[in-house]
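# Remarks on the overall topology
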Amino acid sequence: MFRQIMQFIHLLPIYWAVSGLFIIHNGDKILVALIIISLITKILCSLVKIDNIKIEYNNIIILILICTAYATFKYYQNGYSSSEIRVLISTLLYSSISFPKKIRYKTLILITTISSIYISYQTINIIEIKNLSRYELPLNAIPYANFLGLLSLITLYLSYISKSRALSAISVFNFILLSINVVLVDTRGTWLALIIAYVAIIAIIFIRKKSWKITLISIFLFSTIAILSYPVIESRIDRSMTEIKQLKEGDLHSSWGIRLQLWIIGYNIIEDNKSWLGLGQTAHLKIIDDLLKKKEVLRALNWFDNKNFHNSIIDRTVKYGFIGTFLYFLVLLIPFIHGIRHFRSNYSPLLLIMPIFIFSAGLSYIPLSHPGTYFLYLFTSIILINKIKLEKEK
């Protein structure tokens, strides 16, 4: 009984990460507190000889250590995201000291079910019932959608690997709910990232299983989401076509037009300030402000979210230099390489799909800047890489 309680304490951070932690104010800080409780419990149990501490490590944990060291150095040099540092330090300690070895998929499925239903109620209530703007959501719409998109892919993976038909059906239900929520939030960058992920999923299933049945079921599932969400998708396609026409005419007074300006500004900053370390967290804001005063960019940049460049590669290169961008690519590549190397393992598909989704979403935003998404990505990667390691040792 005591060991079960200890196990539950160590599992709490993972359960919290898949529970839609962004719903609660300061959800990432609550997660950090849960990790601290897990670490203290592990240390106390070790002191009284109930448990022992074995420092665990693998490629992804070593990379997190390097990222933590660099982020800490940058923070004191010219600024770094404090929320990202919290993610890195707490994940490093948790994964190397008290990360649980046994995780029941059944519990994860039940928690994601509760999370999916609550998130759906929240999204539908705000956007459809009250007919309010997506800006009324508890979080900025783009990171909200990116988190839901990543969680939806995890629930889809759980549906594929679950041996229970009932649990598999529940996971499919969760996947559909979360995907529809992504559509309702109306963020085209996340839509595109999910479409790319869906194509990759179909390709992986066909290559691994050589089964037309499973491939066609997957296509049918993705098509169902598109059909259920068609009215929203249709209106967004029409708007996108209008914006493309505006861009062709040189009119940058649109969402994509403003993003294009930010990308050009970011590229020019990189060209003018080639740096291994970057300018830091906020120096680019003065550059943008100077451009606004000179009227070299549109005034619309004043109200648009210009704290970041709406592109992960440009954003990290400007702020954290070529080293920061290199580490960003490694965070995506290490799980992906594990997935390629162990392609026939049941744990490999999600290791391939998650980096594809994050990279694609990162072309129009910075998905790993949101603590919930970053925690979920790292936790899931560590779990699956550990599972592959145990599989090889058998």
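Summarised in this report is the structure supplied together with it. If you're wondering where the values come from, they're calculated on a predicted model, not measured in any experiment.

Turning to the nonpolar core, a few remarks are in order. Counting residues in hydrophobic clusters, the biggest one holds 93 residues, and the most contacted among them are Y377 and F379. In terms of residues, this core owes the most to one element, helix α6 (residues 141–161), which gives 12 residues. Once residues within four sequence positions are removed from consideration, F379 is found in contact with P13, I14, A17, L31, I35, T91, Y94 and F99. In terms of nonpolar packing, the next biggest core, distinct from the first, is built from 15 residues, I269, I288, F304 and V318 among them.

Let's shift gears to a nonpolar patch on the surface. A cluster of nonpolar side chains, contributed by F2, I36, I40, I43, L44, L47, V48, I50, I53 and I55, occupies part of the molecular surface with about 910 Å² of accessible area. In terms of residue count, the dominant contributor to the nonpolar patch is helix α2 (residues 27–47) (5 residues). Mapped onto the secondary structure, I40 falls in helix α2.

Turning next to the packing of helix α5 (residues 105–129) against α6. Axis separation between α5 and α6 bottoms out at 11 Å; the angle between their running directions is 140°. Pair α5 / α6 crosses with left-handed handedness. Mapping the contact onto sequence places Y105, L108, I109, T112, S115, I119, Q122 and T123 in α5 and Y144, L148, L151, T155, L158 and I161 in α6. By residue class, the composition of the contact of α5 with α6 is 9 nonpolar, 5 polar and no charged.

Now for the pattern of salt bridges. The final tally for this structure, using the stated rule, is 6 salt bridges. A salt bridge links R316 to E84; its shortest N-O distance comes to 3.1 Å. With R316 in helix α13 (residues 312–341) and E84 in helix α4 (residues 82–98), this residue pair connects regions lying 232 residues apart in the sequence. Owing to a relative accessible area of 9%, R316 belongs among the buried residues under this scheme. K286 is paired through a salt bridge with D290; the nearest N and O atoms lie 3.3 Å apart. Highlighted residues: K286 and D290, both in helix α12 (residues 283–293), separated by 4 residues, approximately one helical turn. Judged by its relative accessible area of 56%, K286 falls in the exposed class.

The rules behind the values
Residues numbered from 1 in each chain as written. Predicted model: local features only at pLDDT ≥ 70, side-chain atom pairs only at ≥ 80, totals over all residues. Heavy atoms only, no water. Core = buried A, V, L, I, M, F, W, Y, C linked by side-chain atoms within 4.5 Å. Buried < 20%, exposed > 50% of the residue type's maximum accessible area, 1.4 Å probe, protein only. Helix = DSSP H or I, 4+ residues; strand = E, 2+ residues; numbered from the N terminus. Contact = heavy atoms within 4.5 Å. Patch = residues over 30% accessible without salt bridge, like charges linked within 9 Å, V, L, I, M, F, W, Y side chains within 5 Å. Areas by Shrake-Rupley, 256 points an atom, 1.4 Å probe, with all protein chains shown as cover. Salt bridge = Lys/Arg side-chain N within 4 Å of Asp/Glu carboxyl O. Axes fitted to C-alpha atoms, helices over the stretch in contact; angles between N-to-C directions. Left-handed = near helix turned anticlockwise from the far one by under 90°. Nonpolar A, V, L, I, M, F, W, Y, C, P; charged D, E, K, R; others polar.

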